Amino acid sequence: MKKRNLAAYFGKKIFVFFLSVLLLSIAVFYISRLAPGDPLVSYYGDRVEKMTPEEREWAEGKLGLNDPITVQYIRWLDSAFHGDFGISYKYKMDVVEVIGSRIGNTLILGGVGFLLIFVASMLLGVLCAWHEDRLLDRVICKIGTISSCVPEFWLSLVLILIFSVTLRWLPSSGAYSIGKSGDIGDRIAHLILPLTVVVLGHLWYYAYMIRNKILEEVRADYVLLAKAKGLTKRSVMFRHCLRNVIPSYLSIMAIAVPHILGGTYVVETVFSYPGIGTLSYESARYQDYNLLMLLCLLSGILVILCNIIAQIINEQIDPRIKAQDAAETLEVGEP
Amino acid sequence: MNEQFDMVGIRPLPPEPTAKAKRWYRGKPILSLTVLAAIFLGCLFCRLLMTKDPTYMDLMNYNTAPNGEFLFGTDTMGRDIFSMIWYGGRLSLSIGVLSTLISTAIAIVFGAVSGCAPGWLDTVLMRLTEILLSVPSLLIIVLLQAILGKANVLSISFVIGITSWTSIAKVVRTEVRQLRSSEYILAARCMGGGFFHILWRHLTPNFVSSIMFMVVMNVRSAIVAESTLSFMGIGLPLEVITWGSMLSLSEKALLTGAWWIILIPGSFLVVTLLCVTDLGNYMRRNANRKQSNL
């Protein structure tokens, strides 16, 4: 009985996941086709202007651009199921290849950034909660608030100005110097500034969140009991409070994945870092439909997946969430 | 901790508030309010402050460092930065406010509809917002901007507004779900009150305090969004002066090491954002925090 319930539970989640992805793909497809701008230009370049109307029509027919939009969508969906997402109009390559050559860079930037944020925000949050309302806490809170107010692109500019232009310590753009694509040290040097911006841009938001969660936890009655039976402050904090906070922190961090990813988009563009961010920015500007579709789908799938994971974590921690939802649905008989 | 036993659970009373501590401004964000008001008034009455014409391109004095004549220097096109800041601040601030108004209005209506709707519709609506959230908003903005054509102040506020309402809508929905079965809502409905009447006269006053913080933070993120977009060259064009479009010249400024083009408008931006955040935090701050058990 229990097993069937579990299967139904995950089956429902998987169903919701696929439905969301399908809706997302329809939405992105329609929006991207509605946008004006000539995809022919990105495929043929300036030659488009010299084309005769007949040549134009032939070119559009060849790319399948003059069919009704529903037909285009179904055709796209059909080939997508066969692993064929079309060619990038701008790069004249399979979009999977174009993205494949860049996704590693973004994963490094986003992944390392995410891990750093994850660990650092927890440490910072615990540190602040430990020294609640004392000088250290207040100073960190002030600095944190200031850091969260600095727009990412401006922080990038200031860092470039200081470390690349004035001090000439670190490179200001790209993922590696020309001809040094295999050199690890060179890559790390190129990663430092973007990584700093990604981490600083998000760190305080999550650190503050965990600080407040712990402060809430510290006011619970069991802490009083633990103190009364003689546990030290440290063991109460780490063995009880932190442990209680971590599950909800995990679910928050699952939702944080897309936010951090979105943050890398801006940072990548400023640092001309060859990753998914610069690619999506370019593809949206040049109406590179196929590329844009896959990029939106990829990031959308990631977000939906993270949301579902967060939901599952939440429901596992606190079954009341589900029960409450059920109660709400039941009670809604009459509007 | 020299004593053998640690006393647990003592809740010392706070010291008697002295006359000095009781002053009206205690704990209020006076500094941020003052600075924000100063920036706001400066932008509003920029005609009185400006020393130069902000749109005039002085080709003799481009890229000049701050000096007596050009207080904050000039940019790479020879425009006076001091005048541009006040002049451009008007647009930056009004885009922030305007797009927040748009997003809040959408959020309240959407959240209330979702909160009042039967369960299945509610699920569908919330699922839809999640899908909308899942596309990076930068991409939506770029696409919408392309559909709307050449960017102007209204179109960019609109685009930012309709991409940033989801989080407020979720809060509104939760609040409405709790409020909707209250007796006074039922009574209003029995007396024939329409949806918008109930929303405006009964629901909104009850949840406005819980979304106020988010609304203020929305102003902040709208200002950030505008400046980021204009900086990347997909927002307002260079001729329309805002803090963001002023910063879009910084690529060139980096090459010449012209720090004033980057640092001065940026600092104004950051100070404004900081004041807005402080204001938001003040609204959120819990007046009666309990004593720690630790």
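Rules and cut-offs
- Residues numbered from 1 in each chain as written.
- Chains lettered and ligands numbered in written order.
- Predicted model: local features only at pLDDT ≥ 70, side-chain atom pairs only at ≥ 80, totals over all residues.
- Helix = DSSP H or I, 4+ residues; strand = E, 2+ residues; numbered from the N terminus.
- Buried ≥ 20, exposed ≤ 12 C-beta atoms within 10 Å, placed from the backbone.
- Contact = placed C-beta atoms within 7 Å.
- Axes fitted to C-alpha atoms, helices over the stretch in contact; angles between N-to-C directions.
- Parallel < 35°, antiparallel > 145°, perpendicular 65-115°, else oblique.
- Nonpolar A, V, L, I, M, F, W, Y, C, P; charged D, E, K, R; others polar.
- Left-handed = near helix turned anticlockwise from the far one by under 90°.
- Core = buried A, V, L, I, M, F, W, Y, C linked by C-beta atoms within 7 Å.
- pLDDT = per-residue confidence, 0-100.

**Here's the deal with the overall build of chain B**
For step 1, the next point in the chain: Counting its secondary structure elements, chain B contains 12 helices and 0 strands.
For step 2, the next point in the chain: Ordered by position from N to C terminus, the α and β elements of chain B give α-α-α-α-α-α-α-α-α-α-α-α.
For step 3, the next point in the chain: Within chain B, buried positions represent 38% of all 294 residues.
For step 4, the next point in the chain: In chain B, once contacts between residues fewer than 6 apart in sequence are set aside, the share between residues at least 24 apart is 69%.

**A closer look at the overall build of chain A**
For step 1, the next point in the chain: Scanning chain A for helices and strands turns up 13 helices and 0 strands.
For step 2, the next point in the chain: Secondary structure elements of chain A, listed N to C terminal, follow the sequence α-α-α-α-α-α-α-α-α-α-α-α-α.
For step 3, the next point in the chain: Taking all 335 residues of chain A together, the buried fraction comes to 33%.
For step 4, the next point in the chain: Residue pairs at least 24 apart in sequence account for 72% of intrachain contacts in chain A once pairs closer than 6 positions are excluded.

**Overview of the packing of helix 10 (residues 233-270) of chain A against helix 12 (residues 289-317) of chain A**
All names here are of chain A.
For step 1, the next point in the chain: It is at 8 Å that the axes of helix 10 and helix 12 come closest, and there the two elements cross at 170 degrees. Of the possible angle classes, the one that applies to helix 10 and helix 12 is roughly antiparallel. Of the residues in helix 12, those touching helix 10 at Pro-247, Ser-248, Leu-250, Ser-251, Ala-254, Ile-255, Val-257, Pro-258 and Leu-261 are Ser-299, Leu-302, Val-303, Cys-306, Asn-307, Ile-309, Ala-310, Ile-313, Asn-314 and Ile-317.
For step 2, the next point in the chain: Of the residues contributing to the contact of helix 10 with helix 12, the split by class is 14 nonpolar, 5 polar and no charged.

**Overview of the packing of helix 7 (residues 152-166) of chain A against helix 8 (residues 184-218) of chain A**
Between two packed helices, the angle of one axis relative to the other and the distance separating the axes together describe the packing.
Residue and element names in this part refer to chain A.
For step 1, the next point in the chain: Between helix 7 and helix 8, the least distance of the axes is 10 Å, while the angle of their chain directions is 140 degrees. By the angle between their directions, the pair helix 7 and helix 8 is classed as oblique. As for how helix 7 packs across helix 8, the hand of that crossing is right-handed. In this structure, helix 7 uses Glu-152, Leu-155, Ser-156, Leu-159, Ile-160 and Phe-163 to contact helix 8, whose residues at the interface are Leu-193, Thr-196, Val-197, Leu-200 and Gly-201.

**Digging into the environment of Val-150 of chain A**
For step 1, the next point in the chain: By the element assignment, Val-150 of chain A lies in the loop between helix 6 (135-149) and helix 7.
For step 2, the next point in the chain: Residue classification places Val-150 of chain A among the buried positions, given that 20 C-beta atoms sit within 10 Å.
For step 3, the next point in the chain: Sequence-wise, Val-150 of chain A and Leu-200 of chain A are 50 residues apart; in three dimensions their C-alpha atoms are separated by 9.2 Å.
For step 4, the next point in the chain: Setting aside anything within four residues of it in sequence, one finds Val-150 of chain A in contact with Leu-155 of chain A together with Val-270 of chain B.

**Quick notes on the nonpolar core**
One broad rule of soluble globular proteins: the nonpolar side chains tend to lie buried together.
For step 1, the next point in the chain: Formed by 84 residues in total, the largest nonpolar core has its most connected members in Trp-154, Ile-210, Ile-214 and Cys-241 of chain A together with Ile-85 of chain B.
For step 2, the next point in the chain: Look past the residues within four positions of Trp-154 of chain A in its chain and what remains in contact with it is Leu-247, Gly-266 and Leu-269 of chain B.
For step 3, the next point in the chain: Core analysis: the second largest hydrophobic core is formed by 18 residues, Tyr-281, Met-293, Leu-295 and Cys-296 of chain A among them.

**Thoughts on the confidence of the model for chain A**
All names here are of chain A.
For step 1, the next point in the chain: On average, residues of chain A score 77 in pLDDT, and 82% of them are at 70 or above.
For step 2, the next point in the chain: Here helix 13 (residues 320-331) stands out as the least confident element of chain A, with mean pLDDT 44; helix 6 is the most confident, with 87.
For step 3, the next point in the chain: Within the model, the stretch residues 323-335 combines pLDDT values under 50 with 7 contacts to residues more than four positions away or in other chains.

**Observations concerning unusual backbone geometry**
Residue and element names in this part refer to chain A.
For step 1, the next point in the chain: Backbone geometry at Asp-133 places phi at a positive 60 degrees, although glycine is not the residue there.
For step 2, the next point in the chain: Examined against the element boundaries, Asp-133 turns out to sit in the loop between helix 5 (95-130) and helix 6.
For step 3, the next point in the chain: C-beta crowding within 10 Å serves as the criterion here: with 12 such atoms nearby, Asp-133 is assigned to the exposed category.
For step 4, the next point in the chain: Phi is positive for Ser-272, which is not a glycine, with a value near 40 degrees.
For step 5, the next point in the chain: Mapped onto the secondary structure, Ser-272 falls in the loop between helix 10 and helix 11 (276-285).
For step 6, the next point in the chain: On the neighbour-count criterion, Ser-272 (12 C-beta atoms within 10 Å) is exposed.

**Observations concerning the environment of Ser-248 of chain B**
Residue and element names in this part refer to chain B.
For step 1, the next point in the chain: Note on placement: Ser-248 falls in the loop between helix 10 (243-247) and helix 11 (250-256).
For step 2, the next point in the chain: Distance from Ser-248 to Pro-237, taken between C-alpha atoms, is 9.3 Å for residues 11 residues apart in sequence.
For step 3, the next point in the chain: For Ser-248, the residues in contact, after removing those within four places along its chain, are Ser-230, Phe-231, Gly-233 and Leu-238.

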